[in-house]
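# Coordinates in review
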Amino acid sequence: LGPELDIFLRGIGEDLKGKTILDEPYVDKKTIVRAVSEQNKVILALQTQLLQMQELERGMQRKLDMMQEKVEYLESYTEKVDNIEDKLKEKIPLVDKIDDTVKDHAVALGQISSKVKENHQALSTFKIEARGGMSENREGLKKLKKELESMPEEIVISSRQVTHSIDDEKLA
């Protein structure tokens, strides 16, 4: 968890070596109790951080699953848009033929001709809007696919990237 924790644990280790003035090293009970208490705090902090990281991992997995569902939906949507585009490509020449036929019969069908022209203009606008919308959808899908492909399959967080504090003490 960082250099501060290493220094802290080494200090406890030195205290536990005891006083060497005697033939046998002696560690007083107060030092042992303090060392065990501090080690328990460290273990609790580590356990808390582990649980937090596990919850974070679960949250990230849920988000990844949702993104996968969205990608699958967008792929399905793109396929539908492509099918519609194909159908529109088939219909455009037919509309052009109908337009030519209407122009040939314009003399006899004066009133109908003006309505057909209005419909033709609306269709042309629709074609432009449909083509523009499909291009935008494709570009958006390509961006999403690139982002998804550039994401790592696994996100690793080291213990040095996690900071935790207990009772106004900061352990890194």
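The preceding data block contains the structure.
So, a few notes on the structure that sits alongside this text. (Residues numbered from 1 in each chain as written. Predicted model: local features only at pLDDT ≥ 70, side-chain atom pairs only at ≥ 80, totals over all residues. Heavy atoms only, no water.)

## Considerations on the overall build of the protein
Using the following cut-off: For helices the rule is a DSSP run of H or I covering at least 4 residues; for strands it is a run of E covering at least 2, with both sets numbered from the N terminus onward. Categorising residues by exposure relies on relative accessible area from a 1.4 Å probe, with only protein chains included: less than 20% of the type maximum marks a residue as buried, more than 50% marks it as exposed, and the intermediate range marks it as partly exposed. Should any heavy atoms of two residues lie within 4.5 Å, those residues are considered in contact. Under the convention used here, a 1.4 Å probe and the Shrake-Rupley method define accessible areas, while residue burial counts only the protein chains that appear.
When you go through the protein residue by residue, the secondary structure sums to three helices and two strands. Secondary structure of the protein in N-to-C order comes out as α-α-α-β-β. Put simply, the protein has 172 residues, and 16% of those count as buried. Considering only residue pairs separated by 6 or more positions, the protein has 70% of its internal contacts joining residues 24 or more positions apart. Total accessible area computed for the protein in this model is approximately 14,200 Å², and 56% of it derives from carbon and sulfur atoms.

## Focus: the pattern of salt bridges
Condition: Think of a salt bridge as a Lys or Arg side-chain nitrogen and an Asp or Glu carboxyl oxygen that are within 4 Å of each other.
Here the structure, examined in full by the defined rule, presents seven salt bridges. A salt bridge links Glu-55 to Arg-58, with the shortest nitrogen-to-oxygen separation between them at 2.8 Å. Here the residue Glu-55 and the residue Arg-58 both occupy positions in helix H2 (residues 29-104), the gap between them amounting to three residues, near one helical turn. Here Glu-85 makes a salt bridge to Arg-138, at a shortest N to O gap of 2.2 Å. You can see Glu-85 sitting in helix H2 and its partner Arg-138 sitting in helix H3 (residues 110-150), a full 53 residues away along the chain. Each of Asp-82, Glu-85, Lys-89 and Arg-138 takes part in salt bridges that share partners, so that together they form one network.

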